[in-house]
Amino acid sequence: MSTATTRKHTALPKARILVEALPWLTRHHGKTVVIKFGGNAMVDEELKAAFAQDVVFLRHAGLKPVVVHGGGPQISAALDRHGIVSEFKAGLRVTTEDAMDVVRMVLAGQVQRELVGLLNRHGPLAVGLTGEDAHTITATKHLPEIDGEPVDIGRVGEITAIDTGAIEALLADGRIPVISSIARSQDDGHVYNVNADTAAAALAAALGAETLMVLTDVEGLYEDWPHSDEVISRLTASQLERLLPDLSAGMVPKMQGCLHAVRGGVRTARVIDGRVQHSILLEIFTDEGIGTMVVPDEQEGDAP
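Now for a look at the structure at hand. From a predicted model like this one, the values you see are computed outputs, not experimental measurements.

1. Brief notes about helix α4 (residues 97–120)
Compared with the 34 Å implied by 1.5 Å per residue over 24 residues, the 33 Å span of α4 between its first and last C-alpha is a close match. Its maximal kink placed at Q112, α4 deviates by approximately 35°. Residues A99, M100, V102, V103, V106, L107, V111, Q112, L115, V116, L118 and L119 constitute the buried set of α4.

Here it is, written out as structure tokens:
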């Protein structure tokens, strides 16, 4: 076989992949996509690098990616180093004033800086900010209920307002905003730790995003876990609402976030397996998709 023929056969599958992506590129061009970065993708070096490539690809393909991140494993490790015990109540980290200083340092000074650096290897694109900056995320003290009684878990916030001005200015300038899930206080002058899944969903709704994508460490939402590992590929908001009471604790904030997003005007919300390299591109630009997609009720018959 000649060299030219070999090149032709090698290049043809690449061309087919690009052609398959064309309808999705057309549909998503100019649209905002909010991506919650989390799970194993945050700690595995190869997955982190692939994530950064995916986000930059979206930007160069004409989309407007916005990245929101937490940092559970990194926060736990830093608290251990500072001799602060990690305690959880109602599925949320109890955040004392000392712990909040560590949370703020880790999210804004470590996780965000590393992610911004990975993205900026591909050009001067990413800009980091926290929910405190330009009043992007405002919160009030969250008091979860345990056995019917409100419980004080410290500096954990419940989002009350979103100001998208700074994010929209960055997007208009062709930048990729990278947002740490820390919020300014609505009423007491404190800074609050907010759940990153919840923050991503609130930002997606406020930005009128086309899609919310939540990276996690499972394939998607399982049909009948733990009895089956069959993933639900698509469901409506009402179907999800009926399933919520029976979901595992770790999936609840993610799926509640998806529900909030689509009820708030986001066209689709997706939970995808962040353990798979380039899962974002596989989900957005291929016919198969790899996770669970939530759509508003009226979109049940629409194409993804």
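2. Comments concerning the packing of helix α2 (residues 45–60) against α4
It is the contact of α2 with α4, at a shortest axis distance of 9 Å, that shows an interaxial angle of 60°. One element, α2, and the other, α4, form an angle in the oblique class. Regarding α2 and α4, the two cross each other, and that crossing is right-handed. Of the residues in α4, those touching α2 at E45, K48, F51, A52, V55 and V56 are E114, L115, L118 and L119.

3. Topic: the sheet that holds strand β6 (residues 137–141)
An order of β9-β6-β11-β12 is seen for the four strands of this open sheet, with the pairing classed as mixed. In this open sheet, the two edge strands, each paired with only one partner strand, are β9 (157–162) and β12 (191–193). Put simply, the sheet's adjacent strands are angled 50° from each other on average, direction ignored. Where β6 meets β9, five bridges bridge the pair, whose relative direction is antiparallel. Bridge pairing links K141 to G157 in β9. Sitting on the sheet, α4 is in contact with β11 (182–185) and β12, with an inclination near 75° to β12.

4. Some remarks on the packing of aromatic side chains
On inspection of all chains with the given rule, the structure shows one aromatic pair. For R27, the ring lying beneath its charged end belongs to W24, and the centroid distance is 5.9 Å.

5. Structural notes on the pairing of strand β13 (residues 211–216)
Of all six residues in β13, six are buried, a share of seventy percent or more. Of the two faces of β13, the one holding T211, M213 and L215 and the one holding L212, V214 and T216 are both buried throughout. Sheet topology places strand β1 (residues 32–37) next to β13; four bridges connect them, and they run parallel. Residue pairing in the sheet places I35 in a bridge with M213 of β13. Summarising the sheet, β13 and strand β15 (residues 268–273) pair through six bridges and their orientation is parallel. Across the sheet, the residue bridging to V214 is V271, located in β15.

6. A short note on the environment of A90
Mapped onto the secondary structure, A90 falls in the loop between β3 (88–89) and β4 (92–93). Taking the C-alpha atoms as reference points, A90 and I153, 63 residues apart in sequence, are found 9.2 Å from one another. Among residues more than four places away in sequence, those in contact with A90 are P144 and I146.

7. Focus: the nonpolar core
By size, the foremost hydrophobic cluster in this structure holds 43 residues, and its most contacted members are I35, F37, F51, V67, L119, L215 and I280. Looking at this core, the elements that each hand over two or more residues are α1 (3–28), β1, α2, α3 (72–81), α4, β10 (176–180), β13 and α9 (279–285). With 11 residues, the top contributor of residues to this core is α4. Residues in contact with I280, not counting those within four places in the same chain, are I35, F51, D54, L58, M213, L215 and I272. Of all hydrophobic cores here, the second largest spans 39 residues; its members include L129, I137, A204 and M255.

Rules behind the numbers
- Residues numbered from 1 in each chain as written.
- Predicted model: local features only at pLDDT ≥ 70, side-chain atom pairs only at ≥ 80, totals over all residues.
- Heavy atoms only, no water.
- Helix = DSSP H or I, 4+ residues; strand = E, 2+ residues; numbered from the N terminus.
- Expected span 1.5 Å × (residues − 1).
- Bend = angle between axes of the 7 residues up to and from the residue.
- Buried < 20%, exposed > 50% of the residue type's maximum accessible area, 1.4 Å probe, protein only.
- Axes fitted to C-alpha atoms, helices over the stretch in contact; angles between N-to-C directions.
- Parallel < 35°, antiparallel > 145°, perpendicular 65-115°, else oblique.
- Left-handed = near helix turned anticlockwise from the far one by under 90°.
- Contact = heavy atoms within 4.5 Å.
- Pairing = 2+ DSSP bridges.
- Phe/Tyr/Trp six-rings, centres within 6.5 Å; stacked < 30°, edge-to-face > 60°.
- Lys NZ or Arg CZ within 6 Å of the ring centre and 35° of its normal.
- Core = buried A, V, L, I, M, F, W, Y, C linked by side-chain atoms within 4.5 Å.

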